[in-house]
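Examination of the molecular architecture
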Amino acid sequence: MSARKSTTSGMRPLNATTISLWSWIGAIGIALFLLISPYNQALFNGYSFNFESSIYKAIFFGLVLLLLTAIYLLKHWKLDDYRGMLSIAALLPPFIYWLASFQAVSSYYASFMTFIFVLLAALFIAGLYFAESVQTRKLIEYALMLSSYIIVLFGLFNLFGQTYYRDALWLAHDGYRLTAVFQYSNTYAGFLVAVFLAALYYASHCTRWQARLAHSLMLVPIWISFMLTYSRGAIVIIPVMVLAVLPFLRLSRQITYIVYMSLSVLAAMAVLGPITTKANAIAELVQPAADKQVDTISLFSSLPLQSWSLLIVASAAIAGIILLIEAKSISWIEAKTTKLASFKWSFIAVPAAIIILGAIAAGALLGSSAVRGLLPDKIAERFESINFQQHSVQERFTFYKDGLRLAEDYPLLGGGGGAWQSLFEQYQNNPYWSRQAHSFFVQVLVETGWIGLAALILLIGGAYWFYIRSYIRHPERRGSHLIFFIFSLALLMHSALDFDMSFVFISGIVFLSLGCIVAPFGSKLPIARLQKIKLASWSRLIYPAVIGLSAIVLLVITISNNSANQLYNKTIRQASQKGTTLGDVLPALDKAIKRSPNQTTFNLTKANWLRQAYDNSKDGEVLAGALFTLEEAKKHDPNNRSIIAMQLDFYQLNNQLSTSIELLEEGITKFPWDIQFYNNAILAYRVSIDTANAEQDSDSADQYKSRLSEIAQEVERRTAQLADLPPEQQQGRSFSLSEPAQEALQTLLASN
């Protein structure tokens, strides 16, 4: 894959006047998505109502983009090339999510995830066609890099105290970790791996010195930001990513790539210690606490001024060195590597040797107490703790095993979108709490089964296959579109170990990049057999018509769902005002429920308000209305803990002991590590035994005693199971009986 032959910086230039207006509009739309969407929590999908509004807006954008793409494809789509086939394959994941929704365990989130994957498909298809020309592709590239650099600078402004964004510095158990817009440090670290490697590509390949300077200046800030995420998983994937990228470069550029990387890392490490110390002091001044409000500080205050000065000096030094090397030494490097580059396997052998030697050197250095002493204590500890026995690795392995167990019961089409957050407690090995599977591929497996996972891998693998094959066969079309390969591969690799793809901004970059890597070679991907078949002229209109009509239908549904969300938010704000009565807000809430009947949050709110009204009025009809609301909600979301807990509260309020016990048994089945269900079940059965004895119903009393004994044994069994966990793995939530439950069991044993 080495570009040993003379190549251009990209595909053959096209005159701007030959580019369709639709292509420019599409590329500009993509650029706006990349620049605007990060600042809504990077469009995080937390399977919670709070995150949905911004995602619906992004879905709306994606559907408009899909409609625009459909119009463009009326003249440009072909069935007889592989790009057309990939555009069809892009529709398979959302289609399978839609099929899975018919057996979904969470009706609302099954639909929601279908819409998200429609957005991802829209970005893939848009990249596939709108990045074909150099001009539009460059626009998308520049937007991606500009957005990335702004995110890095935004994170640093939070780090140094000039602005405050909630959880841009995440307070973990061992101190603050930098997260920028993501509010999750590991995802930010995975993102920074991609940004760093892409910036290195530009620093070593830009022909204009101004562009090279701009990218070179960002290398040290990116690495500083990366280190302050304290992510161990992201560190591990860097050498793998470097080894994946280097074969795409000429031998001379492989050398400069590694040299610039090494220099940037060394410069960043040189100032990392003092910057970390000052950042911690700034955090104490700026970040909120129990007795303290947010208080940003001026750029010209002592601590931030010193921090920015260190960062700027290190960045400028590296940028100057890179410019000097390019001006004075690159010709010499080219001349010295020409002969070596002529060997067949040099493009892979040299990178491999560099990586191996680099790993040995890094291991030796980090094994040195003198070198570790130069690093901030927290970072040194993170390096030292990289191994397969650390608790985060053990916990992830547990997530993956539990996901595979879950998939055994939903093997073909999965449990639909949101299946993990609905079912993980039923299959978990220990009482951890995680609404994310911490692996994109495990989550897709759980939600869409093996068929959905196979379709996703087919799409991703197909894009990479055609890119690598075309890159080898058509050296004249090589160029900076390699950064899309870097972004997609780095983010996918890291998302295999964490829930990065739950950030729709991240998954959007991945699917957009997968389309963009194939786009420059689109005209070079004919299917010879199909080209020999004469197809009716109208046949090429079928695909654009299908995606265009689908976009229109889905736009209507999206607008309806988002309007329900907006109406609900408005109702909540109205309810918080003094003097508001239930009669004032309930009609609007009912209207929101009517528009989105499977949105559990709406129904839970209504049931809660009716419960409050019942407390004041003691009107049985009000309580019956609350129960009916919960029953309707449960049809769409049968595994929702809040619904079951509220139902239980209502039944106990009505002294419906037998119904309460049935619901507690359901809770034990669906949430076998929730100790509260065991506690409440023990107390309920104890009351039932006393009642049966008072009524001289010995058969029922014996049945209750038997079941109570089984519950006690199950708690003992699970407690013993927790004792067998590896010492490095955290147990998660507490799992021990309450004092009242223990006393009830002891009383029963004493009576026997």
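On a predicted model such as this, the values are computed, not experimentally measured, just so you know.

The next thing to look at is the overall build of the protein chain. The secondary structure content of the protein chain amounts to 31 helices and 2 strands. Here the C-alpha radius of gyration of the protein chain, 29 Å, is about what a compact globule of 752 residues would show, namely 27 Å. Taken along the three principal axes of its C-alpha coordinates, the protein chain extends 100 × 75 × 50 Å. By the burial criterion, 55% of the 752 residues in the protein chain qualify as buried. Taking all contacts inside the protein chain whose residues are at least 6 apart in sequence as the whole, residues at least 24 apart take part in 77%. For the protein chain, the exposed surface amounts to about 32300 Å²; the carbon and sulfur share of it is 62%.

Okay, the confidence of the model for the protein chain next. In the predicted model, the protein chain carries a mean pLDDT of 89, and the fraction of residues at 70 or more is 91%. Note on residues 1-17: pLDDT under 50 across the span, and 52 contacts to partners over four residues away in sequence or across chains.

Our next topic: the pattern of salt bridges. Following the criterion strictly, the structure yields 21 salt bridges and no others. One salt bridge connects Glu 710 with Arg 707, and the closest N-O pair in it is separated by 3.1 Å. Within this pair, Glu 710 and its partner Arg 707 are both found in helix α30 (residues 698-723), separated by 3 residues, close to a single helical turn. You can call Arg 707 partly exposed: its relative accessible area is 24%. Here the residues in one salt-bridge network are Glu 425, Arg 641, Asp 674 and Arg 733, joined through shared partners.

This next bit is on the environment of Val 286. Mapped onto the elements of the fold, Val 286 is located in helix α11 (residues 251-286). Spatially, the C-alpha atom of Val 286 lies 46 Å from that of Tyr 129, the residues being 157 residues apart in sequence. In contact with Val 286, other than residues within four places in its own chain, are Gly 161, Lys 292, Gln 293, Val 294, Asp 295, Thr 296 and Ile 297.

Turning our eyes to something else, we now look at a positive patch on the surface. The grouping of Lys 570, Arg 573, Lys 591 and Arg 595 at the surface amounts to a positive patch. Structurally, Lys 591 can be placed in helix α24 (residues 582-595). Given the relative accessible area of 45%, Lys 591 is considered partly exposed.

Our focus in this paragraph is the nonpolar core. Judged by nonpolar contacts, the single largest core of 168 residues is most densely connected at Leu 34, Phe 124, Phe 182, Phe 191, Leu 197 and Phe 487. Examining the composition of this core, we find that 18 residues originate from one element, helix α5 (residues 107-130), more than from any other. With residues near it in sequence (within four places) discarded, Phe 182 still touches Ala 42, Ile 151, Thr 187, Tyr 188, Phe 191, Phe 503, Phe 505 and Ile 506. By size, the runner-up hydrophobic cluster in this structure holds 55 residues, among which are Ala 588, Phe 602, Met 646 and Tyr 685.

It is worth spelling out the pairing of strand β1 (residues 169-172) at this point. Judged from the 4 bridges that link them, β1 and strand β2 (residues 175-178) form a sheet pairing that is antiparallel. Residue Leu 169 lies in a different strand from β2, and its bridge partner there is Leu 178. Hairpin connection between β1 and β2: a loop of 2 residues separates the two successive antiparallel strands.

With that settled, consider unusual backbone geometry. The phi torsion of most residues other than glycine is negative, and most of the peptide bonds are trans. The backbone phi angle of Ala 180 is positive, close to 55°, even though this residue is not glycine. Secondary-structure assignment places Ala 180 in the loop between β2 and α7 (185-205). Judged by its relative accessible area of 0%, Ala 180 is buried.

Helical geometry note: an α-helix holds 3.6 residues per turn, so side chains three or four residues apart project in the same direction. Over its 14 residues, helix α10 (residues 232-245) extends 21 Å from the first C-alpha to the last, a length consistent with the 20 Å expected when each residue adds 1.5 Å. At Ile 238, α10 shows its maximal kink, close to 30°; a proline, Pro 239, follows between one and four residues later. Among all positions in α10, only Arg 232, Ala 234, Ile 237, Ile 238, Met 241, Val 242 and Val 245 are buried. With a side-chain oxygen lying 3.4 Å from the backbone nitrogen of Ala 234, the N-terminal cap of α10 falls on Ser 231.

On to the packing of helix α1 (residues 21-36) against helix α21 (residues 504-518). At their nearest, the axes of α1 and α21 sit 10 Å apart, and the two run at 145° to each other. In this structure, α1 crosses over α21, and the sense of that crossing is left-handed. For the pair α1 and α21, the contacting residues are Ile 30, Phe 33 and Leu 34 in the first and Val 504, Phe 505, Ile 509 and Leu 512 in the second. Looking at the contact of α1 with α21 residue by residue, the classes come out as 7 nonpolar, no polar and no charged.

Applying the stated criterion to the full structure yields 52 aromatic pairs. Consider the rings of Phe 44 and Phe 51, whose centres lie 5.1 Å apart with planes at 85°: the pair is edge-to-face. Across the pair, exposure class does not vary: Phe 44 and Phe 51 are buried alike. Ring centres of Phe 182 and Phe 505 lie 6.4 Å apart, and the angle between their planes is 40°; on these two criteria the pair is classed as tilted. On the criterion of sequence distance, the pair formed by Phe 182 in the loop between β2 and α7 and Phe 505 in helix α21 is long-range, its members being 323 residues apart. Look at Phe 182 and you get buried, because its relative accessible area is 2%. Feature note: the residues Phe 44, Phe 51, Trp 170, Phe 182, Tyr 184, Tyr 188, Phe 191, Phe 487, Phe 499, Phe 503 and Phe 505 constitute an aromatic cluster, connected by ring pairs. Sitting over the ring of Trp 673, Arg 718 keeps its end group 4.8 Å from the ring centre.

Cut-offs used in this document
Residue positions are counted from 1 within each chain, in the order its sequence is given. At least 70 in pLDDT is required for a residue's local features to be given in this predicted model, at least 80 for side-chain atom pairs to be given and counted, and no such filter applies to totals for whole chains, interfaces and linings, which use all residues. Water and hydrogen atoms play no part in the side-chain values, which are based on all heavy atoms of the structure. To qualify as a helix, a DSSP run of H or I must reach at least 4 residues; to qualify as a strand, a run of E must reach at least 2; elements of each kind are numbered from the N terminus. Here the globule rule is a power law, 2.2 Å times the number of residues to the power 0.38, and the radius of gyration is based on C-alpha atoms. Think of it in three bands: residues with accessible area under 20% of the maximum for their type are buried, residues over 50% are exposed, and the middle band is partly exposed, with areas taken using a 1.4 Å probe on protein chains only. We call two residues contacting when some pair of their heavy atoms lies within 4.5 Å. Throughout, the Shrake-Rupley method with a 1.4 Å probe supplies accessible areas, and for residues the shown protein chains are the sole cover considered. Known as pLDDT, the predictor's confidence for each residue is given on a scale from 0 to 100. Throughout this description, the term salt bridge denotes a Lys or Arg side-chain nitrogen within 4 Å of a carboxyl oxygen of Asp or Glu. Candidate patch residues must exceed 30% relative accessible area and have no salt bridge, after which like charges are joined if within 9 Å and Val, Leu, Ile, Met, Phe, Trp or Tyr side chains if within 5 Å. Positive charges come from Lys and Arg alone, negative charges from Asp and Glu alone, with His and the N- and C-terminal ends not counted. For the purpose of locating charges, the reference atoms are NZ of Lys, CZ of Arg, CG of Asp and CD of Glu. Residues grouped as a nonpolar core are buried Ala, Val, Leu, Ile, Met, Phe, Trp, Tyr and Cys residues, joined through side-chain atoms within 4.5 Å. Any two strands between which DSSP finds at least two bridges are classified as paired. To estimate the expected span of a helix, subtract one from its residue number and multiply by 1.5 Å. Here the bend at a residue is taken as the angle between two axes, fitted respectively to the seven residues that end there and the seven that start there. Polar contact is the term for a pair of N or O atoms within 3.5 Å; when the atoms are in protein, one must be able to donate a hydrogen and the other to accept it, and sequence-neighboring residues count only if both atoms are side-chain atoms. To get an axis, a line is fitted to the C-alpha atoms, and for a helix only the part in contact is used. The angle between two axes follows their N-to-C directions and goes from 0 to 180 degrees. Two helices cross in a left-handed way if the nearer one is turned anticlockwise from the farther one by less than a right angle. They cross in a right-handed way if the turn is clockwise. We call Asp, Glu, Lys and Arg charged. Ala, Val, Leu, Ile, Met, Phe, Trp, Tyr, Cys and Pro are nonpolar, and the rest, Gly among them, are polar. Pairing of aromatic side chains here covers Phe, Tyr and the six-membered ring of Trp, requires ring centres within 6.5 Å, and sorts the geometry by plane angle: under 30 degrees stacked, over 60 edge-to-face, intermediate tilted. Note on geometry: a ring has a charge over it if NZ (lysine) or CZ (arginine) is within 6 Å of the ring centre and within 35 degrees of the ring normal.

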